[in-house]
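Next come the chains, spelled out residue by residue.
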Amino acid sequence: MPSDATPSTENQPARLSVPSILARLAGIGVVILCLVGGFLYLGGWFTPHELTPARFVNGFEKVYGIHSGFRRNHAKGVCVRGFFDSNGQGARLSKAVVFRTGRVPVIGRFSFGGGNPYVGDTPDAIRGLGLMSRLRDGEEWRTAMINRPVFPFNTPQAFYDNLIASQPEPNTHKPDPAKMAAFVASYPEFARAAKIIQSHEVSSGFDNSTFNGLNAFRFVNAASVSTPVRWSMVAVNAFKPEDKPQSTNPDKNYLFNDFIARIHSAPLQWRLILTVGQPGDPTDDATIPWPEDREHVNAGTLTLDEVEAETPGNCRDINFDPLVLPVGIAPSDDPLLSARSAVYSQSFTRRAGEKKEASAITPSDVQK
Amino acid sequence: MDPQQFPASMRFFHWLMAAMVLTMLGIGVAMVASLADYHQLVSIHRPVGILILVLVVIRFVNRRLSTLPPFPATMSSQERFIAHVSEMLLYTLLFVQPLVGWGMLSAARYPIVMYGPLHLFPILPHSVMLYAALRKAHTVLAYFLFLAFIAHFGAVLFHTLILRDRLLTRMAPYRAITR
């Protein structure tokens, strides 16, 4: 600190003794070590057992292996294009541009859960639909939904622990029952959610699957009123359970190929249904369904009329980060949302720089 | 006698940006390691990064227009050279780092949201390979920035506590009386 009490000899303060110099040097060292340590602490270096986005994605890579250039989860997929026609009904809940009457272009991706990009189609595999709407003023709305009525986990830790517990054993090619039992015991919400999921019959194809956002969001309208909302894309094509000839089809991509044939014969449609939460409905727990009698608002229709194989620059190179939201849709207190955003980003970053292998569904598969 | 100080405007930019850059480095390492706070931290990191980009340009122009105080007599000509080069290196890093951040978000085709509906235009075409390279560069540059900060901070502490040449007073946030 400056002071005018410094004595005579210009710019030459009294000499420091050797111990004093050493003590001061040590002090400088300690301050710098603290700074470096603080940064390492923030970066999670001292908490190696705490989940980070990188450790989460390492878990996917451990279970499914590394498939160069592919998403670490929902690896198998196909791109679609179309548009969303808003009927204006959603505007009373959200001021987002997407809910004003009008049309916005949409890029999407149908997928299967899991990290294997060449996995054979099975009816029970989780079907995913990622959508990206480009709004008029340059804002975007991205969402990634699945064909399940609830999510089986309500924390990122539960998701990760399940991922690790369900890793097939090298000998049996099945998860270790003891590990799964331990997982189920430590996360009681999993069994409750699984029961709800099992009571829902799976449809015969992507075209008649309903895709649910599952996480709650806060919709904010022009009057700044905030409402908890969950959304679904409800298939216009009538529900039909999978029939025998389908499930014995030897084609490894029979569900994707069925979808490609259908979209070529006619555009496929879904209705965007907003479920309006009431005070007390959980917004931070995606394993719990909201009561059946909650108000449903039909906000418009999604039409998909083009299908493409994953190629450079299309849906392959988009991260369907569920927290890319327009003004008027905000995240809720659901802990899965920020975690999904973080893990998707980590997966995207890793695959972005890798050599891209051909997808299971190739450009020739999507020809008319 | 008190050394001559940098002009008030330069000292203002110095401390403002020191606080911002240190905070940004902290947010940066924390957000890539965080699940729960990732979204919140990224939402701060983006606009503050762009603010730093704007400020560093203004700061550089201001520096060119200002009269700099002479180096203290305790600095040798090599030290002066190193100080000058590292200053220019820091300016370059502070300019390039946010630009790389903006560029990588552009290449990943993320919307570059500042606040609410306010967002920036992309400065690069959609290319995931480009994104991957820039994303790596962003990390490497952050390490360089942190190292540069540690070196700068350590050198100033050395001068101030060991040589006691009142080097810090030149950039002190308060006004020191010059006689």
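Residues numbered from 1 in each chain as written. Chains lettered and ligands numbered in written order. Predicted model: local features only at pLDDT ≥ 70, side-chain atom pairs only at ≥ 80, totals over all residues. Heavy atoms only, no water.

1. Notes on the overall build of chain A
Then comes step 1: Helix and strand counts for chain A come out as eight helices and 10 strands.
Then comes step 2: Computed over the C-alpha atoms, the radius of gyration of chain A is 26 Å, more than 25% above the 21 Å expected from 2.2 N^0.38 for a compact globule of 368 residues.
Then comes step 3: A burial count over chain A gives 50% of its 368 residues as buried.
Then comes step 4: For chain A, restricting intrachain contacts to residue pairs at least 6 apart in sequence, the fraction spanning at least 24 positions comes to 76%.
Then comes step 5: With an accessible surface of roughly 17,000 Å², chain A has 58% of that area assigned to carbon and sulfur atoms.
Then comes step 6: Seen as two clouds, the 37 positive and the 37 negative side-chain charges of chain A have centres 2 Å apart. (Helix = DSSP H or I, 4+ residues; strand = E, 2+ residues; numbered from the N terminus. Rg over C-alpha atoms; globule rule 2.2 N^0.38 Å. Buried < 20%, exposed > 50% of the residue type's maximum accessible area, 1.4 Å probe, protein only. Contact = heavy atoms within 4.5 Å. Areas by Shrake-Rupley, 256 points an atom, 1.4 Å probe, with all protein chains shown as cover. Lys, Arg positive; Asp, Glu negative; His and termini not counted. Charge placed at Lys NZ, Arg CZ, Asp CG, Glu CD.)

2. Comments concerning the pairing of strand E7 (residues 226–235) of chain A
Residue and element names in this part refer to chain A.
Then comes step 1: Among the 10 residues that make up E7, eight are buried, leaving the element largely enclosed by the rest of the structure.
Then comes step 2: Here two bridges tie strand E5 (residues 211–212) to E7, and the two strands are oriented antiparallel to one another. From the neighbouring strand, asparagine 212 faces E7, where its bridge partner is serine 232.
Then comes step 3: Here strand E6 (residues 217–220) folds back onto E7, and the loop between the two strands holds five residues, one of which, serine 224, carries a positive phi near 65°. (Pairing = 2+ DSSP bridges.)

3. Details of the pairing of strand E1 (residues 112–115) of chain B
Remark: a regular strand shows side chains that alternate across the two faces of the sheet.
Residues and elements named next belong to chain B.
Then comes step 1: Two strands pair when backbone bridges link them, and E1 and strand E2 (residues 118–120) are joined in this way by three bridges, in the antiparallel orientation. Opposite isoleucine 112, over in E2, you have leucine 120 as the bridge partner.
Then comes step 2: In this structure, the hairpin formed by E1 and E2 is closed by a connection of two residues, where glycine 116 is found at a positive phi of approximately 55°.

4. Side note on the interface of chain B and chain A
Then comes step 1: The interface is formed by 43 residues belonging to chain B together with 55 residues belonging to chain A.
Then comes step 2: Overall, the association of chain B and chain A removes approximately 4,000 Å² of surface from exposure, summing both partners, and the carbon and sulfur fraction of that is 67%.
Then comes step 3: The largest contributions to the chain B side of the interface with chain A come from Leu35, Arg109 and Arg164 of chain B, which together make up 18% of the buried area.
Then comes step 4: Between glutamate 140 of chain A and arginine 109 of chain B there is a salt bridge whose closest N-O contact spans 2.4 Å.
Then comes step 5: Scanning the region where chain B abuts chain A turns up 13 residue pairs in polar contact (both at pLDDT 80 or more).
Then comes step 6: Broken down by secondary-structure element, the contributors of at least two residues to the side of chain B that touches chain A are helix H1 (8–32), helix H2 (38–65) and helix H4 (128–163) of chain B.
Then comes step 7: Residue contributions to the side of chain B that touches chain A peak at 15 residues, all from H4 of chain B. (Buried area = accessible area lost by both parts, 1.4 Å probe. Salt bridge = Lys/Arg side-chain N within 4 Å of Asp/Glu carboxyl O. Polar contact = N/O pair within 3.5 Å; in protein donor to acceptor, adjacent residues only side chain to side chain.)

5. Notes on a nonpolar patch on the surface
All names here are of chain B.
Then comes step 1: A cluster of nonpolar side chains, contributed by Val57, Val61, Leu65, Phe95, Leu99, Phe121, Ile123, Leu124 and Leu130, occupies part of the molecular surface with about 760 Å² of accessible area.
Then comes step 2: Considering each element in turn, the nonpolar patch owes the most residues, three residues, to H2.
Then comes step 3: For phenylalanine 95, a relative accessible area of 36% translates into the label partly exposed. (Patch = residues over 30% accessible without salt bridge, like charges linked within 9 Å, V, L, I, M, F, W, Y side chains within 5 Å.)

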